Amino acid sequence: MRIFSGIQPTGRKHLGNYIGAIRHYVEGQERTHTAGDLAIYCIVDLHATTVPYEPAVLRERLYDTAAILLASGLDPDRCVFFRQGDVLEHAELCWLLSSVTAHGDLNRMHQFKEKSAAQRELVSAGLFLYPVLQAADVLAYRATEVPVGEDQRQHIELMRDIADRFNARFGAGREVLVAPGHRIPEIGAKIMDLQEPAKKMSTTGGSGEGTLYVLDDPATIEKKFKRAVTDSENEIRRGPDKPGVTNLIDILAVCRGVTPDEVVASLADARGYGDLKAAVAAGVIELLTPVRERYEALRADEAHLEGVLGRGADRASAIAADTLADVRRAMGVGPVV
Ligand code: TYM
């Protein structure tokens, strides 16, 4: 078992990132560490250049994201934690894999369609190749398991196809690259916007009020849940006709570590959505307060963050270089070694 996942250093990290992905990184770190396997986590600054951005801001967000991940429990002694741009093999492997990636498959990617439609000036070729770079991230480490939220499902399916096509074309009967599986949580894989519960919570597409940030203080968390959009009934149950209430129930289930049914049962005597909202706010405050408290000190020490990321990059490079040597050899690229 080898775990790999990546997260973008864009915007501010929100409750969807935390519940759908970050807390599973920590779980995976502990599981692999105990089993003598490896979990590898990467902040993907190269991916962040595919849409308009400010270079100085990218660096700031990189440190913000690194500090949030460490504050959430990533431990560089128990996992490999690094910055994508430090390990040159990612970009090279992206190029090499583009030769076994179907243009038509990239054209069908939901995220490409959404993100390209949102661009006003330039739809970059980088945005189109984004999923190939993501495949390179994972395949460079021959990872078997990729913890992500629901929105990444299609990207993981594509990287499986790319690995299979590579092996069929260049493997000569060997499994040079490993087709990974996704690990998408049953509850919390798609946290919805609190104001527009038909849309997923996100930094870019969502409404400011409907996005709950990992670093929001308790008063802000209470306010955002108090104003969360529900529906005109007062029945606390899950269902496709009740996206707002379902979202609140699921968030509370994750906070309490119980099933959504148990949450509903625990609120049988509630006087309406007000009680549900207060309970979710309390649960989320408890979930995020330790992260927020640890964050400030970590974020303040950029030299320490650079040191952590640099050591992680050295460990990551050693693994990725090994895979790249195999890939180059299989493809007949570069000198004979
Ligand atoms: P990113 O940075 O957009 O999101 C990081 C993780 O958060 C999950 N997520 C959510 N989960 C639940 N509810 C939501 N509303 C929600 N919004 C986001 C995402 O599914 C993701 O797991 N392309 C990736 C980054 C990436 C990557 C990789 C991931 C680059 N290389 C290799 C896995 C493996 C992305 O943009 O994630």
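Note that residues are indexed from 1 along each chain, following the sequence as it is written. Only residues with pLDDT of at least 70 get local features here, since the model is predicted, and only at 80 or more are side-chain atom pairs given and counted; chain-wide, interface and lining totals rely on the full set of residues. Excluded from the side-chain calculation are hydrogens and water; included are all heavy atoms of the structure.

Topic: the overall build of the protein
This is how the line gets drawn: Only DSSP runs of H or I covering at least 4 residues are called helices, and only runs of E covering at least 2 are called strands; the numbering of each starts at the N terminus. Two things to know: the radius of gyration comes from C-alpha atoms, and the globule rule equals 2.2 Å times the number of residues to the power 0.38. The buried label applies to any residue whose accessible area, calculated with a 1.4 Å probe on protein chains only, is under 20% of its type's maximum; exposed applies above 50%, and partly exposed to all values in between. In what follows, residue pairs with any heavy atoms lying within 4.5 Å of each other are defined as contacts. Per-residue and other accessible areas follow the Shrake-Rupley method at a 1.4 Å probe size, with only the shown protein chains counted as cover for residues. For the purpose of counting charges, residues Lys and Arg are taken to be positive, whereas Asp and Glu are taken to be negative. His and the chain ends are not included. Taken as the charge location is NZ of Lys, CZ of Arg, CG of Asp or CD of Glu.
Helix and strand content of the protein: twelve helices and five strands. For the protein, whose C-alpha radius of gyration is 21 Å, the value lies close to the compact-globule estimate of 20 Å for 337 residues. The dimensions of the protein, computed from C-alpha atoms along their principal axes, are 75 × 45 × 45 Å. The buried share among the 337 residues of the protein stands at 53%. Contacts spanning at least 24 positions in sequence make up 75% of the contacts within the protein whose residues lie at least 6 apart. Carbon and sulfur atoms provide 51% of the accessible area of the protein, an area that totals close to 15,400 Å². With 40 positive and 48 negative side-chain charges, the protein shows a separation of 2 Å between the mean positions of the two kinds.

Concerning the environment of His155
The criterion, for reference: By the criterion applied in these results, polar contacts are pairs of N or O atoms within 3.5 Å in which, for protein atoms, one can donate a hydrogen and the other can accept it, and in which residues neighboring in sequence qualify only through two side-chain atoms.
Relative to the helices and strands, His155 resides in helix 7 (residues 153-170). Apart from the residues lying within four places of it in its own chain, the contact partners of His155 are Met109, Gln111, Tyr130, Pro131 and Gln134. One polar contact links His155 to Gln134, side chain to side chain, over a distance of 3.2 Å.

Comments concerning the packing of helix 5 (residues 110-118) against helix 6 (residues 125-139)
For any two helices packed against each other, one specifies the inter-axial angle together with the distance between the axes. Basically, it comes down to this: Every axis in this analysis is a line fitted to C-alpha atoms, fitted for helices over the stretch in contact. Angles between the N-to-C directions lie between 0 and 180 degrees. An angle counts as roughly parallel when it lies under 35 degrees, as roughly antiparallel when it exceeds 145, as roughly perpendicular when it falls between 65 and 115, and as oblique in every other case. Crossing handedness is defined as follows: a turn of the near helix away from the far one that is anticlockwise and smaller than a right angle gives a left-handed crossing, while the clockwise case is right-handed. Each residue gets one of three labels, nonpolar for Ala, Val, Leu, Ile, Met, Phe, Trp, Tyr, Cys and Pro, charged for Asp, Glu, Lys and Arg, and polar for the others, Gly among them.
Closest axis-to-axis distance for the helix 5/helix 6 pair is 10 Å, and the angle between their directions is 160°. Here helix 5 is positioned roughly antiparallel relative to helix 6, judged by the angle of their axes. In terms of crossing hand, the pair formed by helix 5 and helix 6 is right-handed. Seen from helix 5, the contacting residues are Phe112, Lys115 and Ser116; seen from helix 6, they are Leu127, Phe128 and Tyr130. Split into classes, the residues belonging to the contact of helix 5 with helix 6 amount to four nonpolar, one polar and one charged.

Topic: the domain arrangement of the protein
Threshold: Residue ranges assigned to each domain were obtained from an automatic or database domain assignment. Buried surface area refers to the total accessible area, computed with a probe of radius 1.4 Å, that the two partners give up upon joining, counted for both partners together. Counted as salt bridges are all cases of a side-chain nitrogen of Lys or Arg within 4 Å of a carboxyl oxygen of Asp or Glu.
As assigned here, the protein comprises domain 1 (3-189 + 302-331) and domain 2 (218-296). Put simply, the middle of domain 1 and the middle of domain 2, counted by C-alpha atoms, are 31 Å apart. With ten residues of domain 1 at the interface, the matching set in domain 2 holds twelve residues. The junction of domain 1 with domain 2 conceals about 990 Å² of combined surface from both sides, 80% of it contributed by carbon and sulfur atoms. For the pair domain 1 and domain 2, the number of links is zero salt bridges. The tally of links from domain 1 across to domain 2 stands at two residue pairs in polar contact (both at pLDDT 80 or more).

Some remarks on the nonpolar core
Here is the rule: Here, nonpolar core means buried Ala, Val, Leu, Ile, Met, Phe, Trp, Tyr and Cys residues that are tied together by side-chain atoms lying within 4.5 Å of each other.
Leu15, Phe81, Phe225, Ile251 and Val284 are the most contacted members of the largest nonpolar core, which totals 57 residues. Listed by contribution, the elements that provide at least two residues to this core are strand 1 (2-7), helix 1 (15-35), strand 2 (38-43), helix 2 (55-72), helix 8 (218-226), helix 9 (243-256), helix 11 (273-300) and helix 12 (302-331). Summarising the domain contributions, this core has at least three residues from each of domain 1 (3-189 + 302-331) and domain 2 (218-296). Discounting residues that sit within four places of it in the chain, Phe81 has contacts with Tyr41, Ile43, Ala66, Leu69, Leu70, Leu74, Val308, Leu309 and Gly312. Ranked by size, the runner-up nonpolar core spans 47 residues in total, among them Tyr141, Ile162, Ala320 and Leu324.

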